[in-house]
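Here are the chains, one letter per residue:
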Amino acid sequence: MFVEEIATHNSAESCWLIIDGKVYDLTDFLDEHPGGKKIILKHAGTDATAEFDKFHPRDTLNFLAPECCIGEVEDPENLPQTEEEEVVDDSTEEERVAEEARLDRIAHKPDLSKIINLYDFEAVARTTMDPNGFAYYSSGTEDEITLRENHNAFKRVYFNPRVLVDVTDVDQTTTMLGSPAATPLYISATAMGKIGHEDGELALARAAGTTGIIQMVPNLGLFGFDEIVDAAQPDQPLWFQLYVNRNKEIVKRIVRAAETRGVKALFVTVDAPHVGKREKDMRSKFLAGRSDSDDNGNHGDGDKKTSALIDTALTWKDVAWFRSITSMKIVLKGIQTVQDAVLAVQHHADGIVISNHGGRQLETVRAPIEVLADVNAYFKQHPEILAGKQFEMFIDGGVRRGSDVLKAICLGARGVGLGRALLYAMAGYGQEGVEKAVAILKDEIVMCMRLLGVTSLNQLDESYVDLAALKGGRGSSGGALFDNVYEPMGVVKFKARL
Ligand code: HEM
Ligand code: HEM
Ligand SMILES: Cc1cc2nc3c(=O)[nH]c(=O)nc-3n(C[C@H](O)[C@H](O)[C@H](O)COP(=O)(O)O)c2cc1C
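Quick caveat: nothing in here was measured; it's all calculated off a predicted structure. (Residues numbered from 1 in each chain as written. Chains lettered and ligands numbered in written order. Predicted model: local features only at pLDDT ≥ 70, side-chain atom pairs only at ≥ 80, totals over all residues. Heavy atoms only, no water.)

J.: Can you help me understand the site of ligand 3 in this one?
T.: The full set close to ligand 3 counts 21 residues, and Ser-188, Ala-189, Thr-269, Asp-396 and Gly-398 are the nearest of them. Between Ala-191 and ligand 3, the recorded distance is 2.9 Å, taken from a backbone N or O atom to a nitrogen atom. Separating a nitrogen atom of ligand 3 from a side-chain N or O atom of Tyr-243 is a distance of 3.1 Å. Burial of ligand 3 by the protein chains amounts to 98% of its free accessible area of 590 Å². (Near = heavy atom within 4 Å. Polar contact = N/O pair within 3.5 Å; in protein donor to acceptor, adjacent residues only side chain to side chain. Areas by Shrake-Rupley, 256 points an atom, 1.4 Å probe, with all protein chains shown as cover.)

Here you go:
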């Protein structure tokens, strides 16, 4: 294919792009592109490699059906030399002042040694991160009731500590899905980690290695999957999070690639057949002029908020299909009811994550710790359901303290995932920040275990917690520190004077 011909396919009717010497027909993909079609159309008919590389690792191309790649450029010498786009500073006076203040805060950021809990990391991230990046991380759906409730609910679980137990040697190590872990924590998958720190998922992988915790690698990382695996130590256990593409051949390819690189478990995200309306994020995108969504400000194109990238037709039957294409453990991420927990067992999943995607999907759903309490009670009443099965339960959402982790363990969780808390630590202090965050949690866990009167995690059960306040107290506070670092959503802004 020749440059001259490719250049004629420069519209929504026929949209070809060159990426790394190959020609892609993205006509059908336009409406499905999560970053909107505007950006792709802007580069239609030309070499978009440089622009593509700014946002995506090369393996993003794996999301495309193979037939989208329609050939190679035969006369690369005829490609026009792309000039550096002139950057026009169209910021307002108010924005310039805010940016200067932010740079000043970065220069005076507290030393890592001064950070004593995970809220401190959040306080630093909130005031030093690029505001769009912070909006993307911190955003929850709509009124962010669930986002806050995820954390607040932990504070309504009270402990019943036992005393006069020899707690000289306390051991918080465990295994999760057969892999050893230094503590019952893991790094949950978060798309686009690089927004907060240039090393993104690589910093998380390295910190997981040095602290002995497991990382769930995201399907939509800003680094390529292989780069992330390469950043990990050779024997470091990794999990992989998957958004299920409508094209099953693509899914197979992605899953096989993960298995080949030694990934131990596949976490299939089941709570995102439609992306939640994350308004903080939307507002910041509008302000930054990056959004091309419709006038209602929807995340997506009017009614069409589904995409080939996420199969809306996924059902319980597909669990068996996953089993047929991989020997990795299969865990369903995003279970939110007792009924679905039971179905997961019946469909032979190896485990579930009770999660609401960190309050980024359906709004006003219950906190995972509350759902876990119900599921645990149900499984205890019906021991036949789990009899003879290796089934592990995890939860994620709102975890900030070692005590939060132990409450989940008391209620039957095998481990607990962290999303934002570690992203905030990474945003301010990179790999070292994540290491410090994990160290803080480990210290809190040891203290808490000693004070509860246990020396290993398997001694913990529901007798160590009191759930009387858990259900009655929805809408409670998550404590002054949490409330202080919470960034509330603002209302629409009037036009700025230029
Ligand atoms: C060729 C196949 C492509 C696929 C499969 C793809 C996939 C995606 C996905 C999944 C996202 C969501 C963000 C994330 O990674 O979490 C996204 C966002 C985005 N994509 Fe693409 N993309 C493709 C091509 C392109 C091209 C050619 C460009 C630029 C010319 C581009 C620019 C962007 C931008 C600007 C965003 C939004 C990022 C942000 O606002 O921070 N993409 N894309
Ligand atoms: C067509 C249906 C769409 C689907 C299925 C979809 C899906 C997704 C998914 C799965 C992510 C990864 C983020 C996460 O899980 O937290 C994402 C991110 C993103 N989407 Fe959408 N998206 C759609 C439409 C759009 C449209 C039309 C825009 C244009 C404004 C857009 C802008 C973005 C951007 C900028 C990101 C990057 C990070 C973020 O803001 O969450 N998406 N999208
Ligand atoms: C910025 C961000 C991006 C996320 N991206 C994904 C993703 O791509 N896939 C997924 O299954 N979950 C994703 N999640 C959800 C997390 O895996 C996890 O369920 C959630 O963050 C836990 O809540 P927490 O942030 O309160 O710890 C994301 C969460 C955040 C905050």
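J.: What should I look at first to understand the UniProt feature "domain: Cytochrome b5 heme-binding" (unreviewed entry) in the protein chain in this one?
T.: Using the residue numbers shown here, the UniProt feature "domain: Cytochrome b5 heme-binding" (unreviewed entry) corresponds to residues 1-74. Helix makes up 23% of residues 1-74 and strand 16%. Its end C-alpha atoms lie 6 Å apart. (UniProt positions renumbered as here; feature names shortened; annotations may be inferred. Helix = DSSP H or I, 4+ residues; strand = E, 2+ residues; numbered from the N terminus.)

J.: What is the right way to read the packing of aromatic side chains from this model?
T.: Each aromatic ring pair is specified by the distance between its two centres and by the angle formed by the two planes. One pass over the full model with this rule turns up 13 aromatic pairs. Each ring, one from Phe-379 and one from Phe-391, has its centre 6.3 Å from the other, and the planes form 85 degrees; the classification is edge-to-face. Of this pair, Phe-379 sits in helix α14 (residues 368-381) while Phe-391 sits in the loop between α14 and β13 (392-396), and the two are twelve residues apart along the sequence. The class of Phe-379 is buried, set by a relative accessible area of 9%. One residue, Arg-360, lies across the ring of Tyr-136, its end atom 5.1 Å from the ring centre. For the cation-ring pair, Lys-407 lies above Phe-159, with the distance from its terminal atom to the ring centre recorded as 5.3 Å. (Phe/Tyr/Trp six-rings, centres within 6.5 Å; stacked < 30°, edge-to-face > 60°. Buried < 20%, exposed > 50% of the residue type's maximum accessible area, 1.4 Å probe, protein only. Lys NZ or Arg CZ within 6 Å of the ring centre and 35° of its normal.)

J.: What am I meant to see in the sheet that holds strand β14 (residues 415-418) here?
T.: Sheet strands pair via backbone hydrogen bonds, and the direction of the pair is either parallel or antiparallel. Here eight strands make up a closed barrel; going around it, the order is β7-β8-β9-β10-β11-β12-β13-β14 and the pairing parallel. Averaged over all pairs of adjacent strands, the angle between strand axes in this sheet comes to 30 degrees, irrespective of strand direction. Here strand β12 (residues 351-354) runs beside β13; their pairing, made up of four bridges, is parallel. Residue Val-353 lies in a different strand from β13, and its bridge partner there is Phe-394. Lying over the sheet, α14 contacts β12 and β13, oriented at roughly 160 degrees with respect to β13. (Pairing = 2+ DSSP bridges. Axes fitted to C-alpha atoms, helices over the stretch in contact; angles between N-to-C directions. Contact = heavy atoms within 4.5 Å.)

J.: Help me out: how do you make sense of the packing of helix α6 (residues 131-138) against helix α16 (residues 420-452) in this one?
T.: Contact geometry of α6 with α16 gives a least axis separation of 10 Å together with a crossing angle of 160 degrees. Viewed along their axes, α6 and α16 adopt a mutual orientation that is roughly antiparallel. Here α6 and α16 pass one another in a crossing that is right-handed. Across the interface between the two elements, Phe-134, Tyr-137 and Ser-138 of α6 pack against Arg-420, Leu-423, Tyr-424 and Met-426 of α16. The residue inventory of the contact of α6 with α16, partitioned by class, reads five nonpolar, one polar and one charged. (Parallel < 35°, antiparallel > 145°, perpendicular 65-115°, else oblique. Left-handed = near helix turned anticlockwise from the far one by under 90°. Nonpolar A, V, L, I, M, F, W, Y, C, P; charged D, E, K, R; others polar.)

J.: Looking at this structure, I do not really get the sheet that holds strand β2 (residues 22-25). What am I missing?
T.: Pairing within the open sheet is antiparallel, and its three strands lie in the order β1-β2-β3. Whereas interior strands pair on both sides, the edge strands pair on one side only; in this sheet they are β1 (16-19) and β3 (69-72). The average angle at which neighbouring strand axes cross in this sheet is 30 degrees, direction not considered. Two strands pair when backbone bridges link them, and β2 and β3 are joined in this way by three bridges, in the antiparallel orientation. Bridge pairing links Lys-22 to Glu-72 in β3.

J.: Please explain the coordination of the iron atom of ligand 1 as it appears in this structure.
T.: Angles between donor atoms at a metal ideally measure 109.5 degrees for a four-coordinate tetrahedral arrangement and either 90 or 180 degrees for a six-coordinate octahedral one. The protein atoms that coordinate the iron atom of ligand 1 are His-33 (NE2) and His-56 (NE2), at distances of 2.0 Å. Around the iron atom of ligand 1, the six donor atoms are arranged such that angles at the metal cover 83 to 179 degrees; this shape is classified as octahedral. In this pair, His-33 sits in the loop between β2 and α2 (37-42) while His-56 sits in the loop between α3 (49-55) and β3, placing the two residues 23 residues apart along the sequence. (Donors = N, O, S within 2.8 Å, 3.2 Å for Na, K, Ca; no water. Tetrahedral: all angles 85-135°; square planar, octahedral: opposite > 155°, others 65-115°.)

J.: What's the story with the domain arrangement of the protein chain in this structure? I'm lost.
T.: It is common to report an interface's size as the accessible area lost on association of the parts. Taken domain by domain, the protein chain comprises domain 1 (3-78) and domain 2 (136-485). Contacts between domain 1 and domain 2 engage 16 residues on the former and 21 residues on the latter. Summing both partners gives a buried area of about 1,400 Å² for domain 1 against domain 2, and 53% of it is carried by carbon and sulfur. Applying the counting criterion to the domain 1 and domain 2 interface returns zero salt bridges. Inspection of the region where domain 1 meets domain 2 yields one residue pair in polar contact (both at pLDDT 80 or more). Looking at the side of domain 1 that touches domain 2 residue by residue, the classes come out as eight nonpolar, three polar and five charged. (Domains from an automatic or database assignment. Buried area = accessible area lost by both parts, 1.4 Å probe. Salt bridge = Lys/Arg side-chain N within 4 Å of Asp/Glu carboxyl O.)

J.: Even after reading the chapter, I still don't get unusual backbone geometry, so can you show me in this structure?
T.: The phi torsion of most residues other than glycine is negative, and most of the peptide bonds are trans. Of note, the phi angle at Asp-20 is positive, near 55 degrees, even though the residue is not glycine. In this fold, Asp-20 is placed in the loop between β1 and β2.

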